[in-house]
Amino acid sequence: MSQKTKMAPKPDPQSASNVAAADAASQFSMDPFFHVLKLVPFSFLRPPRLRLKLPSFSLPSAMTVFSLILLTYFMVVSGFIYDVIVEPPGIGSTQDPATGAVRPVVFLPGRVNGQYIIEGLSSGFMFVLGGIGIVLLDLALDKNRARNIKVSYSIAGISSIVIAYVMTTLFIRIKIPGYLR
C-alpha cells in the first residue's frame, strides 16, 4: 500500500504581489496625521539603553513541590471549591426534641451532595492522612535505611491508613444512616 505525499500548494504570483502591495501601503500611508504620529515623537525622543539581565529562576526543591501538591490535594478533596461557591455554614445545629437544647452538628445528615465546612475539612484531612500513610509505606521500602527506621515507617504508614479508613467509614455512616450495614 503506497502512501501519497501531500505537496504544498504553489504560491500564486498574483496573490504574492497583493500581499507585498498591502505591506507597502501600510508602511507609506497617505494619512498625514499617521505620518506625523509616527515620526515626530522619535525625532527628539531616544529610547534608553537598558542593560537588563534575565531573571534567574531556580527549580523548587522536591519537598516544596510535594508540599504544594499535598496542599492542592487537600483543598480539592475537602471541597474547597464547593465551600467558596455555595458558602455553607461552618457548622450546623439541631434542637434536641426532649430537652429543647441546641446541639452543634458537624455532618449534614441525609445529603450526600452537601456539606458543612468542618465536615469537608475533617474528611479531607482523613484522605490526606491516608495518602501520607502510603508515602510512609513507600519510604519504608528504601533499602538504604536502617531496619528500625523501616519498621517505624511501616508502623506509622499502616496505622495512618487504618485510621483514615476507619474514620472515613465512620463519617459515611454518620452522614448516611444505614449505609454499609
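The name given to the protein in an unreviewed UniProt entry is Oligosaccharyltransferase complex subunit, with the source organism recorded as Hibiscus trionum. Note on the protein: under the UniProt heading Subcellular location (unreviewed entry), the record states "Membrane". The UniProt entry for the protein carries the following comment under Sequence similarities (unreviewed entry): "Belongs to the OSTC family."

A. The UniProt feature "transmembrane region" (unreviewed entry) in the protein, seen in detail. Per the UniProt record, "transmembrane region" (unreviewed entry) is annotated on residues 59–82, 116–141 and 153–174. Span residues 59–82 is 79% helix and 0% strand, its end C-alpha atoms 32 Å apart. Between the first and last C-alpha atoms of residues 153–174 the distance is 31 Å; the span itself is 100% helix and 0% strand.

B. Structural view of the packing of aromatic side chains. Inspection of the entire model under this criterion finds one aromatic pair. Residues F107 and F171 carry aromatic rings whose centres are separated by 4.9 Å and whose planes lie at 45° to one another, so their mutual orientation is tilted. With a gap of 64 residues between them, F107 in the loop between β2 (102–105) and α5 (117–140) and F171 in helix α6 (residues 147–175) connect regions that are remote in the sequence. When sorted by exposure, F107 lands in the same class as F171, which is buried.

C. The packing of α5 against α6, seen in detail. Interaxial distance between α5 and α6 falls to 7 Å at its minimum, and their mutual angle equals 155°. Here α5 lies roughly antiparallel to α6, going by the angle between them. Crossing geometry of α5 relative to α6 is assigned as left-handed. Taken together, the residues of the contact of α5 with α6 sort by class into 16 nonpolar, eight polar and three charged.

D. Main features of the pattern of salt bridges. Counted under the stated rule, the structure contains two salt bridges. D142 serves as the salt-bridge partner of R145, at 3.7 Å between the closest nitrogen and oxygen. By relative accessible area, which is 31% here, R145 ends up partly exposed.

E. Just the packing of helix α3 (residues 62–77) against α5, in detail. Contact pair α3 / α5: the axes reach a minimum separation of 8 Å and the direction vectors enclose 140°. Accordingly, the angle class assigned to the pair α3 and α5 is oblique. The two elements α3 and α5 meet at a crossing, and its hand is right-handed. Only L121, G124, F125, F127, V128, I132 and V135 of α5 make contact with α3, whose side of the interface consists of F66, L70, Y73, F74 and V77. Classifying every residue of the contact of α3 with α5 by side-chain character gives 11 nonpolar, one polar and no charged.

F. Main features of α5. The terminal C-alpha atoms of α5 lie 35 Å apart, and with 24 residues this matches the ideal 34 Å at 1.5 Å per residue to within 8%. Every buried residue of α5 is accounted for by E119, G120, S123, G124, M126, V128, L129, G130, G133, L136 and A140. Summarising the contacts, the buried residues of α5 are in contact with α3 and α6.

Criteria and thresholds
Residues numbered from 1 in each chain as written. Predicted model: local features only at pLDDT ≥ 70, side-chain atom pairs only at ≥ 80, totals over all residues. Heavy atoms only, no water. UniProt positions renumbered as here; feature names shortened; annotations may be inferred. Helix = DSSP H or I, 4+ residues; strand = E, 2+ residues; numbered from the N terminus. Phe/Tyr/Trp six-rings, centres within 6.5 Å; stacked < 30°, edge-to-face > 60°. Buried < 20%, exposed > 50% of the residue type's maximum accessible area, 1.4 Å probe, protein only. Axes fitted to C-alpha atoms, helices over the stretch in contact; angles between N-to-C directions. Parallel < 35°, antiparallel > 145°, perpendicular 65-115°, else oblique. Left-handed = near helix turned anticlockwise from the far one by under 90°. Nonpolar A, V, L, I, M, F, W, Y, C, P; charged D, E, K, R; others polar. Salt bridge = Lys/Arg side-chain N within 4 Å of Asp/Glu carboxyl O. Contact = heavy atoms within 4.5 Å. Expected span 1.5 Å × (residues − 1).

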